[in-house]
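Structure at a glance
Residues per chain are reported as follows:
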Amino acid sequence: MPELERDAGRLTFKLVYYGPAQGGKTTNLMQLHDLVGAEMKGELMTLETQHDRTLFFDLLPLGFRAPSGLTIRFRLFTVPGQVAHDGTRKAVLSRADGVVFVADSQRTEATNNGESFQNLVENLGRVGLDLEHLPIVVQFNKRDLPSILSEDEVRERYEGAPWPLVFASAISGSGVVQTFRVLLQGVWRQFASELELDTVHGLDEAAFLRAALGEAR
Amino acid sequence: MSGEAGFDREFVLGELIAARDADELCAQLTPVLGAPVALLDATGAPFGAAAEPPGAIRAPLVLELEPLAYLACACDAAALKAAARVVRWGLLSRARFRMVSDLHLEAVRADYAKLQQQNEALRASEAKYRELAEALDAKVKEQVRIIDERQRQLYQAERLASIGQLAAGVAHEINNPLGFVTSNLSSAERYLAQLEALREYVPAERWKTADMDFVLEDFAELISDSQQGVARIARIVRDLKGFSSVDKPDVQLANLNEHLESLFAVIAGQKPAGVTLESELGPLPPLTCLPGHLNQAFLNILQNALQAVDQHGTVTLRSCATDTHIIVQIDDDGPGIAAEVLPHIFDPFYTTRGVGGGTGLGLTVARDVVLTHGGTITADNRPEGGARFTVELPL
């Protein structure tokens, strides 16, 4: 559930980029930082890394002010992908309001994707989040590499899964904003009526997306 | 959610710097900027001792999106901004450190809780398996014991069966000739009377010379003796059949005294002359049992007693009934049972007799039979000397 501080006039969404090790989660945030033109944009905070691998998490704050005056903030986190850091991954995942699952498109990574998604499902259960209602987007990253699963193969495999699929190449930035947009859509649809975004704060779905992504009207 | 101090909460100024450190920071910055410096919190209120100097301008300190604090000083704006960047850098480092350490703590706690759960589960399963292993050991022992017992019962049953077959065969074979011998003796008795009737036709002289009076008299006596002998053979055959119960192999309601009597008749023939057999049989209610097997058990105990008294002594068989049990006692006045023998007396193949003297199975078989009937058997030494075996059979 997003954190609403009525006194401070702030609403904060916690969004988590999950997925197998070295799948491009941090790269997604780095590209978002450059590509998104949101009204408020913080620095990408990268905690300690080891050989280019995230040990704790990365944090990218984004935000805008709603017509009602409410400050809406998004705090985008990445989790450490390595299997060993499950405790940290679980702690980062807790209190999430939306999840991007960054899968690696390479054929050799299919097993890691599956295990990581299984781990996501287990950890959601452990931190008390409901897989049915949590907005989740599956991003197939690294479309620029050779020997990857074709889009048709991916669609075939994910046929029947309820989550939207986005193809991306985070290293070049393609599909990164689209992924974030689809997640924001899911977040708006999940929480809009509860938080009175449309009725009280003047944010219909289109306005919400426009403001969050910093796109011109 | 805000109530929980999650690693991902947004920090307030007080969490990142102590008031004393803020004072030190302001004091150090004052000569750098050339005017008094104050640190204000997110609401603009002074943090620490230094109040906002008059005419000061504010430089925001932003960690994420919104100002966490302000640096206030009446000085050049560019210089203040530069100083604010340095201070922000310090606060950001503090914030990162706090986030990582809180996250680490959260993860460690979660891992520890998980480990504890696993440990408990492990302990539970270990206990379960230990229990299983112990139960298994006991079960194996119990099975071995049962197999052992079944084997002895089988041995016993086969032995009984062969005795029974032998007895049946012998009884059959003997009964036939016994029948015509009995019948012939009766005929002979009748013929003797006819012979005696010839006396008046034989000259007295010839009669006397042939000593016919004595012959006839002795003849009658011979026949009578033979008849008695035949009757005895018939009775032995009957006892043998009764003892082996060959014609009634199943569970039945039996009067134990009848069986004990026929048993006595069987062993009476085996005992040495110097041994006295005594029986004191009290009235018994009928008992549901396998009479053939019980006979074998009592025979084994009696034979043990006979062997104990050797050539001279007394063996006493006693029976009585309580409300719940039939009690049979077999006493002898032999040397009694040695203390080191007593604990093993019912063990299979344990024997004090020399090779060929006994199989070491007699009393074992007796015990097994009694146990099969749900009863108990005990061996003791009598205070007046000799041994006593007591069998209790539940009604």
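Residues numbered from 1 in each chain as written. Chains lettered and ligands numbered in written order. Predicted model: local features only at pLDDT ≥ 70, side-chain atom pairs only at ≥ 80, totals over all residues.

1. Quick notes on the overall build of chain A
- For chain A, the count of helices and strands is 6 helices and 11 strands.
- Taken over 217 residues, chain A has a buried fraction of 45%. (Helix = DSSP H or I, 4+ residues; strand = E, 2+ residues; numbered from the N terminus. Buried ≥ 20, exposed ≤ 12 C-beta atoms within 10 Å, placed from the backbone.)

2. Observations regarding the overall build of chain B
- The secondary structure content of chain B amounts to 8 helices and 10 strands.
- Burial analysis of chain B (395 residues in total) assigns 25% to the buried set.
- Of the contacts made within chain B by residues no fewer than 6 positions apart, 65% connect residues no fewer than 24 positions apart. (Contact = placed C-beta atoms within 7 Å.)

3. Focus: the sheet that holds strand 1 (residues 37-41) of chain B
All names here are of chain B.
- The 3 strands are arranged 1-3-2 in an open sheet whose pairing can be described as antiparallel. The open sheet has two edge strands with one neighbour each: strand 1 and strand 2 (57-62). In this sheet, adjacent strand axes meet at a mean angle of 25° when their direction is disregarded.
- As defined by bridge partners, strand 2 adjoins strand 3 (residues 67-73) across 6 bridges and the pair is classed as antiparallel. Looking at strand 3, one finds that Ile 57 is bridged to Cys 73. (Pairing = 2+ DSSP bridges. Axes fitted to C-alpha atoms, helices over the stretch in contact; angles between N-to-C directions.)

4. A closer look at the interface of chain B and chain A
- Between chain B and chain A, the contact holds 15 residues from the first and 16 residues from the second.
- For the side of chain B that touches chain A, the residue count by class is 8 nonpolar, 2 polar and 5 charged. (Nonpolar A, V, L, I, M, F, W, Y, C, P; charged D, E, K, R; others polar.)

5. Side note on the nonpolar core
- In terms of nonpolar packing, the biggest core is built from 56 residues, with Val 16, Tyr 18, Leu 76 and Phe 101 of chain A touching the most fellow members.
- Membership of the second largest hydrophobic core comes to 30 residues, among which are Phe 298, Val 328, Val 370 and Val 391 of chain B. (Core = buried A, V, L, I, M, F, W, Y, C linked by C-beta atoms within 7 Å.)

6. Here's the deal with the sheet that holds strand 8 (residues 325-332) of chain B
All names here are of chain B.
- The 5 strands lie next to each other as 5-7-8-10-9, forming an open sheet whose pairing is mixed. Of all the strands in the sheet, just strand 5 (275-281) and strand 9 (376-381) have a single pairing partner and so form its edges. This sheet shows a mean twist of 10° between the axes of neighbouring strands, independent of strand direction.
- Two elements, strand 5 and strand 7 (residues 313-321), share 7 bridges in a ladder whose sense is parallel. Residue pairing across strands places Ser 279 opposite Leu 317, the latter belonging to strand 7.
- Relative to the sheet, helix 7 (residues 291-309) contacts strand 5, strand 7, strand 8 and strand 10 (387-394), its axis offset from that of strand 8 by approximately 20°.

7. Section: the pairing of strand 8 of chain B
All names here are of chain B.
- Bridge count for strand 7 against strand 8 is 7 bridges, and the pairing is antiparallel. Each bridged residue has a counterpart across the sheet, and for Arg 318 the counterpart in strand 8 is Gln 329.
- Between the end of strand 7 and the start of strand 8, which pair antiparallel, lie 3 residues.
- Two strands pair when backbone bridges link them, and strand 8 and strand 10 are joined in this way by 7 bridges, in the antiparallel orientation. Directly across from Ile 326, in strand 10, lies its bridge partner Leu 393.

8. Here's the deal with the packing of helix 1 (residues 25-35) of chain A against helix 5 (residues 176-195) of chain A
Residue and element names in this part refer to chain A.
- The geometry of helix 1 relative to helix 5 is characterised by a closest axis approach of 9 Å and an angle of 90° between their N-to-C directions. Viewed along their axes, helix 1 and helix 5 adopt a mutual orientation that is roughly perpendicular. Across the interface between the two elements, Asn 28, Gln 31, Leu 32 and Leu 35 of helix 1 pack against Val 176, Val 177 and Phe 180 of helix 5.
- Looking at the contact of helix 1 with helix 5, its residues break down into 5 nonpolar, 2 polar and no charged. (Parallel < 35°, antiparallel > 145°, perpendicular 65-115°, else oblique.)

9. Looking at the confidence of the model for chain B
- Counting all residues, the mean pLDDT for chain B is 85, and 92% of those residues have values of 70 or more.
- Across the assembled chains, the prediction reports ipTM 0.82 with pTM 0.59. (pLDDT = per-residue confidence, 0-100.)

10. What to know about helix 7 of chain B
All names here are of chain B.
- Taking 1.5 Å per residue, 19 residues should reach 27 Å; helix 7 reaches 27 Å between its end C-alpha atoms and fits that length.
- Among the 19 residues in helix 7, 14 count as buried, and that is most of the element.
- Two residues or fewer after helix 7 comes Asp 310, characterised by a positive phi angle close to 60°. (Expected span 1.5 Å × (residues − 1).)

11. Quick look at unusual backbone geometry
- Of note, the phi angle at Glu 196 of chain A is positive, near 55°, even though the residue is not glycine.
- The phi angle at Asp 310 of chain B is positive, at roughly 60°, despite the residue not being glycine.
- Mapped onto the fold, Asp 310 of chain B is located in the loop between helix 7 and strand 7.
- Look at Asp 310 of chain B and you get exposed, because 12 C-beta atoms sit within 10 Å.

12. Brief notes about the pairing of strand 1 of chain B
All names here are of chain B.
- Burial runs high along strand 1: 4 of the 5 residues are buried.
- Sheet topology places strand 1 next to strand 3; 5 bridges connect them, and they run antiparallel. Among the inter-strand pairings, Leu 40 is bridged to a residue of strand 3, identified as Tyr 70.

13. Details of the packing of helix 7 of chain B against helix 8 (residues 362-372) of chain B
Residue and element names in this part refer to chain B.
- Running from N to C, helix 7 and helix 8 cross one another at 145°; their axes reach a closest spacing of 8 Å. The element helix 7 and its partner helix 8 pack so that their crossing is left-handed. Here His 293, Leu 294, Gln 296, Ala 297, Asn 300, Ile 301, Gln 303 and Asn 304 of helix 7 come into contact with helix 8, specifically with Gly 362, Leu 363, Val 365, Ala 366, Val 369 and Val 370.
- Taken together, the residues of the contact of helix 7 with helix 8 sort by class into 8 nonpolar, 6 polar and no charged. (Left-handed = near helix turned anticlockwise from the far one by under 90°.)

14. Digging into the environment of Glu 221 of chain B
Residue and element names in this part refer to chain B.
- Its location among the elements puts Glu 221 in helix 5 (residues 212-244).
- Of the residues examined, Glu 221 has 10 C-beta atoms within 10 Å and is grouped as exposed.
- Through-space distance from the C-alpha of Glu 221 to that of Glu 189 is 10.0 Å; in sequence the pair is 32 residues apart.

15. Concerning the environment of Ile 171 of chain A
All names here are of chain A.
- Structurally, Ile 171 is set in the loop between strand 11 (165-167) and helix 5.
- In this structure Ile 171 comes out as partly exposed when scored by C-beta crowding, with 17 C-beta atoms within 10 Å.
- Residues Ile 171 and Met 30, 141 residues apart in the sequence, show an inter-C-alpha distance of 9.3 Å.
- Excluding its chain neighbours within four sequence positions, the residues that come into contact with Ile 171 are Thr 27 and Asp 144.

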